[in-house]
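So the chains spell out like this:
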Amino acid sequence: MSEQTTDLRETVRQRYAAAAVKVTEGGTDCCGPQPVEVDENFGSTLYAAHERDALPAEALAASLGCGNPTAVAELREGERVLDLGSGGGIDVLLSARRVGPTGKAYGLDMTDEMLALALANAARAGATNVEFLKGTIEAVPLPASTIDVVISNCVINLSVDKAAVFAETFRVLKPGGRIGVSDVVADDALTSEQRAERGDYVGCIAGALSFAEYRAGLEAAGFTGVEITPTHPVADGMHSAIVRAVKPSVEDDPGDSAAATDACCGVTACCTSDERATDPSTTVAEAKADSGCGCRS
């Protein structure tokens, strides 16, 4: 890991550690904890009133997200859910209620202070089907193919290695599993420098991918059915967005996947000027001969 990457991750960690401490210390005041963020584009105001009413005040105060991923992920009874960058636990607690006693909600965070706050919030809420894990979203401490749904709330844009996040998300999901995240996404026309002008890295702006970059990153990791839907602006050319995608099921016909729709005879774009062998170690002619395909030209 480069020195710059390490510094960026530590900057993010310090910011969220300070937010957790502020909420924890505020909980001892006569008026209770005060929200860390007051910007209308971020925080607990993005949740429905009945959801806020069911949660500890400390969980609401520590909410720093840009959406409500538990709603967009359409969680169901009995599912196992993982929240990347779970913070004070608001989305884990809401997920636990949605999946019920036969399901389970995991929260993953790298910040000790946030993990301590989340555990306290789970105890206040009486949640028993939750578990909080320490680690980074680039190296998830869970076995492969064990999670039904991965959610996240304005955290992936903070990562210093988003390709690793997408790969790890794909790894831990069961075949047929899905993601439903809220994140900040940039207009394709904005350069990295222009994104940086709109806010600092831990302010959720400078680290955001563009719409095209986000889609390409998920598809490169193996996801299909990628949908990126902007919900509200957070800065000029920057949007809070709902991101959905699916890990293909092992039962799916390979011909149904986006990567294989133009493949036949061991090549892609068969019988066109763009045809390539799907196995880069072979030639197009060899691939066609090995497959027994009638298209040999």
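Analysis parameters
- Residues numbered from 1 in each chain as written.
- Predicted model: local features only at pLDDT ≥ 70, side-chain atom pairs only at ≥ 80, totals over all residues.
- Heavy atoms only, no water.
- Core = buried A, V, L, I, M, F, W, Y, C linked by side-chain atoms within 4.5 Å.
- Buried < 20%, exposed > 50% of the residue type's maximum accessible area, 1.4 Å probe, protein only.
- Helix = DSSP H or I, 4+ residues; strand = E, 2+ residues; numbered from the N terminus.
- Contact = heavy atoms within 4.5 Å.
- Phe/Tyr/Trp six-rings, centres within 6.5 Å; stacked < 30°, edge-to-face > 60°.
- Lys NZ or Arg CZ within 6 Å of the ring centre and 35° of its normal.
- Salt bridge = Lys/Arg side-chain N within 4 Å of Asp/Glu carboxyl O.

Visitor: In this structure, what is going on with the nonpolar core? I would like to understand it.
Guide: Nonpolar side chains in soluble globular proteins tend to end up buried together. The biggest cluster of nonpolar side chains holds 29 residues, and the ones touching the most others in it are Leu82, Ile179, Tyr214 and Leu218. Residue contributions to this core peak at four residues, all from strand E5 (residues 173–186). Every residue in contact with Leu82, bar those within four places of it in the chain, is listed here: Tyr106, Leu108, Val140, Leu142, Ile147, Val149, Val150, Ile151 and Val172. With nine residues, the next largest nonpolar core counts Leu93, Ala122, Val130 and Phe132 among its residues.

Visitor: How should the packing of aromatic side chains be read in this particular structure?
Guide: Aromatic rings considered in pairs are described by the distance between their centres and by the relative angle of their planes. Scanning the entire structure with this criterion turns up two aromatic pairs. Considering the side-chain rings of Phe170 and Phe223, the 5.2 Å spacing of their centres and the 90° angle between planes classify their relative orientation as edge-to-face. Highlighted residues: Phe170 in helix H7 (residues 162–172) and Phe223 in the loop between helix H9 (211–221) and strand E7 (224–235), separated in sequence by 53 residues. Residue placement shows Lys247 over the ring face of Phe170; its charged tip is 4.8 Å from the ring centre.

Visitor: So what exactly am I meant to see when it comes to the pattern of salt bridges here?
Guide: If charged atoms from side chains of opposite charge come close, those side chains can pair. This structure, assessed with the given rule, holds eight salt bridges. Between Lys174 and Asp148 there is a salt bridge, with the nearest N and O atoms lying 3.4 Å from each other. One end of the pair, Lys174, is in strand E5; the other, Asp148, is in strand E4 (residues 147–153), with 26 residues separating them in the sequence. Since its relative accessible area comes to 29%, Lys174 is described here as partly exposed. Residue Arg195 is joined to Glu213 by a salt bridge in which the shortest nitrogen-to-oxygen separation is 3.1 Å. Of the two residues, Arg195 sits in helix H8 (residues 192–197) while Glu213 sits in helix H9, which places them 18 residues apart along the sequence. Look at the salt bridges and you will find they share partners, linking Arg76, Glu79 and Arg178 into a network.

Visitor: How do you make sense of unusual backbone geometry when you look at a structure like this?
Guide: Peptide bonds are trans in most cases, and residues, glycine excluded, mostly fall at negative phi. A positive phi angle, near 55°, is found at Ser145, a position not held by glycine. Along the chain, the position of Ser145 falls in the loop between strand E3 (130–134) and E4. Notably, Cys154 is not glycine yet its phi reads approximately 60°, a positive angle. Mapped onto the secondary structure, Cys154 falls in the loop between E4 and H7.

Any functional reading would require information beyond the geometric quantities listed.
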